[in-house]
Amino acid sequence: MTYVFSGTGNSQWVANRLQGLVDDDAKVYGMVFPVYAWGIPKIVEEYIQNHLQDILKADYVYAIMTCGDDIGHADEVLSKQLEGRLDAVFSVHMPNTYVCLPGFDVDKAEVAEAKVKETIQRLPTIAESINRRERRTEVTRGKWAWLKTQVLRPLFNKFLINDKYFYTNRYCSHCKRCVRGCPLNNITMDEDGKVGWKHEHCTMCLRCYHRCPNNAVQFGKFTKKKGQKIHDFDR
Ligand SMILES: Cc1cc2nc3c(=O)[nH]c(=O)nc-3n(C[C@H](O)[C@H](O)[C@H](O)COP(=O)(O)O)c2cc1C
């Protein structure tokens, strides 16, 4: 069994590539998803809470977390959620998708390509480890890992997982791509074509922002001059 959550395609792409490399084994539970704020996405936390008994029945549990740069102690957050039953955990670099604060933007094309190339090279070795059921932690923690996960992450979760800052600007063409694409069904469009966020389930995956063909979805003031993650590999 493999659980995949992907906001903007990176983790789905990793999971697809891994499929041909990892042996099919019903007793192995795999998870592939992005790192959010040096922790795990709210939707993944909820999934684990709801499926914990099934996950704990597996003989071997592994996770691959995709990240733009570093994960802090996200692997420990995950392991705690899984009551310590995380046999192997890997982080892999993929193009960055976080753009909602000053100083954070999508990667330049060459940086994004280098990350994808590095991940393509690592995946077969990661798959071998999984197939051998090795107990392994291979992650990029980065600097100030404790501070990021223990101090910044709770602040992020409290104040910045908040869909009330999303809006569409005058470039919105009412194509409904954001409405249809939202993995949590959290976006609406009224009869006048006005896009709204429901303030119910947002997990801050930014699919609405990155997939908008007109870059019309914005988050407060901070996304005004930011790029979108558009790379050939996820087309
Ligand atoms: C809300 C949010 C928070 C993020 N936090 C981090 C982070 O703490 N560290 C990091 O390296 N990348 C971070 N990223 C970047 C993503 O983890 C990375 O781009 C990931 O590959 C996206 O996967 P996806 O396309 O499957 O959604 C964040 C992205 C988002 C949207």
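All of these numbers come straight from a predicted model, not from anything done at the bench.

## Description of the packing of aromatic side chains
Piece 1. This model, assessed by the stated rule, comprises seven aromatic pairs.
Piece 2. A ring pair is formed by F166 and F219, whose centres lie 4.9 Å apart and whose planes are at 65°; its orientation type is edge-to-face. A residue pair is termed long-range when its members are at least 10 positions apart, and F166 in strand β6 (residues 166–168) and F219 in strand β9 (residues 217–219) qualify at 53 residues.
Piece 3. Ring-pair connections join several aromatic residues into one group, and the members of that group are Y165, F166, W197 and F219.

## A look at the site of the ligand
Piece 1. As a structural note, the neighbourhood of the ligand is formed by 25 residues, with S6, T8, S11, V35 and D69 the closest of them.
Piece 2. One of the backbone nitrogen or oxygen atoms of G68 is found 3.0 Å away from an oxygen atom of the ligand.
Piece 3. With respect to the ligand, the backbone of D70 contributes an N or O atom lying 2.8 Å from a nitrogen atom.
Piece 4. Across the complex, the protein chains shield 96% of the 640 Å² of accessible surface that the ligand would expose by itself.
Piece 5. In this structure the site holding the ligand corresponds to the largest pocket.
Piece 6. Sorting the residues of the shell around the ligand by element identifies α1 (10–19) and β3 (60–67) as the ones contributing at least two each.
Piece 7. Partitioned by chemical class, the residues of the shell around the ligand number 13 nonpolar, 10 polar and two charged.

## Things to note about a nonpolar patch on the surface
Piece 1. Together, W144, W146, L147, V151, L152, L155 and F159 line one region of the surface with nonpolar side chains, adding up to about 750 Å² of accessible area.
Piece 2. Mapped onto the elements of the fold, V151 is located in helix α5 (residues 145–159).

## Section: the sheet that holds β3
Piece 1. Read across the sheet, five strands follow the order β1-β2-β3-β4-β5 without closing on themselves; strand pairing throughout is parallel. Each end of this open sheet is capped by a strand with a single partner; those strands are β1 (2–4) and β5 (136–138). Looking at each pair of strands side by side, their axes are set apart by 15° on average, direction ignored.
Piece 2. Relative to β3, strand β2 (residues 28–34) runs parallel, the two sharing seven bridges. What sits directly across from G30, in β3, is Y62.
Piece 3. α1 contacts β1, β2, β3 and β4 (88–93) of the sheet and is inclined by roughly 135° relative to β3.
Piece 4. Taken strand by strand, helix α4 (residues 109–131) contacts β3, β4 and β5, and its axis lies near 165° from that of β4.

Scoring rules and cut-offs
- Residues numbered from 1 in each chain as written.
- Predicted model: local features only at pLDDT ≥ 70, side-chain atom pairs only at ≥ 80, totals over all residues.
- Heavy atoms only, no water.
- Phe/Tyr/Trp six-rings, centres within 6.5 Å; stacked < 30°, edge-to-face > 60°.
- Helix = DSSP H or I, 4+ residues; strand = E, 2+ residues; numbered from the N terminus.
- Near = heavy atom within 4 Å.
- Polar contact = N/O pair within 3.5 Å; in protein donor to acceptor, adjacent residues only side chain to side chain.
- Areas by Shrake-Rupley, 256 points an atom, 1.4 Å probe, with all protein chains shown as cover.
- 1 Å grid on protein atoms, 1.4 Å probe; cavity = no way out; pocket = protein on both sides within 12 Å on 5 of 7 lines; lining within 4 Å.
- Sits in = over half its atoms within 2 Å of the grid points.
- Nonpolar A, V, L, I, M, F, W, Y, C, P; charged D, E, K, R; others polar.
- Patch = residues over 30% accessible without salt bridge, like charges linked within 9 Å, V, L, I, M, F, W, Y side chains within 5 Å.
- Salt bridge = Lys/Arg side-chain N within 4 Å of Asp/Glu carboxyl O.
- Pairing = 2+ DSSP bridges.
- Axes fitted to C-alpha atoms, helices over the stretch in contact; angles between N-to-C directions.
- Contact = heavy atoms within 4.5 Å.

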